[in-house]
Amino acid sequence: MFTAGAESLLQQAREIQDEELKKFCSRVSKLLHRQDLGPDAADALRRLFLIVSATKYNRKLEKTCVDLLQATLCRPTCPEQLQLLCAAILREMAPCASLGLSCDHIQNTQQLSLVASVLLAQGDRKQEVRNVALRVFKVLESRQPEGPSLRPLLPVLSKVTVLAPGTLHEDQTNLLNKKLVDWLRYASVQQGLAHSSGGFFSTPRARQPGPVTEVDGAVATDFFTVLSTGQRFTGDQWLNVQAFSMLRAWLLHSGPEGPGSPDADDKSELEGSTLSVLSAASSTSRLLPPQERLREKAFEYCQRLIEQSNRRALRKGDSDLQKACLVEAVLVLDVLCRQDPSFLFRALSCLKALHARLCGDPASVRALLPVAQFLLHHGEAAAVDSEAVCQHLLTRTPAERFHCPTLAFAFTQFCRDNAPLFGRDLGILKLSFPNLFKFLAWSAPPLTSEFVALLPSLVDAGTAVEVLHALLDLPCLTAALDLQLRSSPASAERPLWDTSLRIPSCLEAFRDPQFQGLFQHLLRAKASGTTERLTPLHQLLQPMASCARVAQCAEAVPTLLQAFFSAVTQFADKALATQLALLLLERSDSLYQVPGYEARVHRVLSSEFLALCARHPSLVVELAKELLEFVSSASSLRCGGSVLTSVVWAIGEYLSVCWDRRCTVEQINRFFEGLEALLFEVTQSRPSAALPQCPPQVVTALMTTLTKLASRSQDLIPRVSLFLSKMRTLTPSPATSSMHCEEDAGAVRMRATELLNLLKMPSVAQFVLTPSVDVSEPRYHRDANAALPLALRTVSRLVEKDAGLLSG
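**Quick notes on the overall build of the protein**
The secondary structure content of the protein amounts to 40 helices and zero strands. A total of 808 residues make up the protein; the buried ones form 50% of that total. In the protein, the share of contacts with a sequence separation of at least 24, taken over all contacts with a separation of at least 6, comes to 74%. Roughly 38,500 Å² of accessible area belongs to the protein as shown, and the carbon and sulfur atoms make up 54% of that amount.

**Topic: the nonpolar core**
Core analysis: the largest hydrophobic core is formed by 248 residues, its most contacted members being L48, L61, L69, F437 and F564. Among all residues touching L69, those that are not within four sequence positions of it are L32, L45, L48, L61, C86, I89 and L90.

**A closer look at the packing of helix α35 (residues 696–712) against helix α36 (residues 717–728)**
The relative placement of two packed helices comes down to the angle between their axes together with the axis-to-axis distance. The N-to-C vectors of α35 and α36 enclose an angle of 155 degrees; their axes lie 9 Å apart at closest approach. Judged by the inter-axis angle, α35 sits roughly antiparallel to α36. Read as a crossing pair, α35 and α36 show a hand that is left-handed. Residues V699, M703, L706, T707 and A710 of α35 form the contact with α36, whose own contacting residues are I717, V720, L724 and M727.

**Side note on the environment of V162**
The topology assignment puts V162 in helix α8 (residues 153–163). Residue class for V162 comes out exposed when judged on its relative accessible area of 61%. The spacing of V162 and A249 is 87 residues in sequence and 8.2 Å in space, taken between C-alpha atoms.

**With respect to the side chain of T397**
Mapped onto the fold, T397 is located in helix α17 (residues 387–401). Only 3.2 Å separates the side chain of T397 from the backbone oxygen of L393, close enough to count as a polar contact. Among all residues touching T397, those that are not within four sequence positions of it are V365, H392, F402, L407, F411 and F439.

**What about the pattern of salt bridges?**
Counted under the stated rule, the structure contains 28 salt bridges. A salt bridge links R524 to E466; its shortest N-O distance comes to 3.1 Å. One end of the pair, R524, is in the loop between α25 (516–522) and α26 (535–540); the other, E466, is in helix α22 (residues 464–472), and 58 residues separate them in sequence. Taking the relative accessible area as the measure of exposure, R524 reaches 13% and is therefore buried.

**Observations concerning the packing of aromatic side chains**
For the structure on display, the rule yields 14 aromatic pairs. Ring centres 6.1 Å apart and planes at 40 degrees place the aromatic pair F223 and Y301 in the tilted group. Here Y301 lies in helix α13 (residues 290–308) and F223 lies in the loop between α9 (170–185) and α10 (235–254), a separation of 78 residues in the sequence. For F223, a relative accessible area of 7% translates into the label buried. Consider the rings of F233 and W238, whose centres lie 5.6 Å apart with planes at 75 degrees: the pair is edge-to-face. Assessed through its relative accessible area of 29%, F233 is described here as partly exposed.

**A short note on the confidence of the model for the protein**
With 83% of its residues at a pLDDT of 70 or more, the protein shows a mean pLDDT of 82. In this model, residues 257–283 is a region of pLDDT below 50 whose contacts with residues beyond four sequence positions or in other chains number 30 contacts. Within the model, pLDDT remains below 50 along residues 734–738, and this stretch shows 11 contacts once partners closer than five positions in the same chain are excluded.

**Focus: the environment of K22**
Assignment of secondary structure puts K22 in helix α2 (residues 18–33). A relative accessible area of 42% places K22 in the partly exposed class. As for K22 and K60, which are separated by 38 residues in sequence, their C-alpha atoms are 8.8 Å apart.

Cut-offs used in this document
- Residues numbered from 1 in each chain as written.
- Predicted model: local features only at pLDDT ≥ 70, side-chain atom pairs only at ≥ 80, totals over all residues.
- Heavy atoms only, no water.
- Helix = DSSP H or I, 4+ residues; strand = E, 2+ residues; numbered from the N terminus.
- Buried < 20%, exposed > 50% of the residue type's maximum accessible area, 1.4 Å probe, protein only.
- Contact = heavy atoms within 4.5 Å.
- Areas by Shrake-Rupley, 256 points an atom, 1.4 Å probe, with all protein chains shown as cover.
- Core = buried A, V, L, I, M, F, W, Y, C linked by side-chain atoms within 4.5 Å.
- Axes fitted to C-alpha atoms, helices over the stretch in contact; angles between N-to-C directions.
- Parallel < 35°, antiparallel > 145°, perpendicular 65-115°, else oblique.
- Left-handed = near helix turned anticlockwise from the far one by under 90°.
- Polar contact = N/O pair within 3.5 Å; in protein donor to acceptor, adjacent residues only side chain to side chain.
- Salt bridge = Lys/Arg side-chain N within 4 Å of Asp/Glu carboxyl O.
- Phe/Tyr/Trp six-rings, centres within 6.5 Å; stacked < 30°, edge-to-face > 60°.
- pLDDT = per-residue confidence, 0-100.

In structure tokens, the structure reads:
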């Protein structure tokens, strides 16, 4: 992220100790005491800012230094560069108890902006927000046309609006509404004056400014906007640009608070074409209240921006600005129409034409998102079907533009924020999850949190299984998208990839008709309702497992899986839980082999399998055949210890009549034999190259489960007791050296001893190892006089007593 030099400087700044910082503050204080603040002071302040901002912890500065920073900030003759540095340092220290700044008597707008930024960073412990707002509005009221520029104050006003929306009074709101109208609608249409060099040939005629132009070079014939161009701009033109940048936030603050407010109720009755025309005609009057007049002028401004965006820009920078302004203009129109429905029918024809134009321009797809949001908000009132717009966006855009990171983030936010508005079109969103996952697969780090919030809207009982398969195959999708881009014709917007990665075999496989069906399923645009085993693709794409983008995607999958199961548990019935449990077992040994990916996913799958069994304990009996096959297969050991441990623990916990009346002795015996064979294989047989190392957690889980099953079918107690007796004498040997170190063997011996002691009293063992549902309540484990702790203490004492008698 940073260069090596920058990283070195940051590291040095973080490692400065308090004593060194104290000495440096003394040096800064000496420099700030001088009347002439030169380059040395600027250099020292830059270093101090680096020190206080390099760490997330607040640095404690000497009070003398803090006071001098404040004094320097408020000194009228101080250079602007030093004031900027002082304000930045004081903001980094916020909240600061020793701060004594006040903006009550500051006239200079630039200085007022810097002091206000420091005060607003403190929070609102001493009504700083209110005091700043009062001072800023006082300057706004008293400023004469020839006074200082108001440009520095607009960011302060935006911040005040965000921090404390209720701070502004009605007269202040009306004042800012009037100012915004003037700045938006009545800025000069002449370019700014060029700075005169004062030379002999500088004539007044040569210095006359020309009119502003449009982005296509034509002379502007309408009012000035942010898309007007020129060589230089006047102060009121810069205020026009800043006013538009804060317009949407201000409208949201100053508009009706909700549909229950009188204003909103009155406006809702105007949703008719006749009344809209009457409202449009009357709104041209200058006698409208300030808020209504601002809305009218904002509407005209946005309409002009939409018209300007249709012009062919001469420069790429202006073309990019057109797209950004178009997005903001449509968002402002959306706010205006929500606050005053009389604007809706005036905006609709314009937006329909805009939508038709944008659909034919792939480069302008970003601007389609606010148009779609507008139709989702107002389509029903305007009798417009938004389904076609959503269908176009969700079908084509992710498939064609998944590699554009800014579009990916904006598109994901659009889906997340507007999911409640999709209504009957929500099915389109859910069925389009394979397309949306292309954004996620290509740009996983910045989009993970967005998709965590979006997943509940994408998952239902019909798509849950397919979504889970897609999440587990997400790194494989990343590799396939990389191949798709490498195989496509070169384009100017082709993203960068690791050029050092040479994968001719993967490219050949991608083009091979034999594998086209699997690749098409992986790259599908909509949910198909079916699943495909992609194991052949995992093997074909193995050379790409080391690709950085694939590795980044693999790191995000565990978080996404947790979000998926959190959403599914809200609606999953027993049938869906059964499908998911089977899927977890099936996919535990069928994952794309990215380094570290399998182990991280197994940890999530094991915990979620236990959670499913806890919610539906009868799953163990219903899936008895599948669970037996899983624990009996060699793949159960190859897929790591976490999944196998969870399955074995679930068998021991829920294979009981207490949880399911259908459980029989025959079932218990079959599971016992399968688990006994597995335990013998991992502990008594000689190590095999084909058999991976078995974690001690698996061994202890197997011993515990066998003991539990024996307590429920007491004919099995002699067999498990014999086996546990052998396990008590387990020592690292050639046969078991690959399985356990000395520490692990000690843990196994201890567990074997505990279980063997319990089995010496079968009735107590059954009570402890197969407790009733009531015993699962916390009081049986917390209360010393409850049944379970008492039984354990009794067993321990009796066993110790028997052992003493035998030794005597």
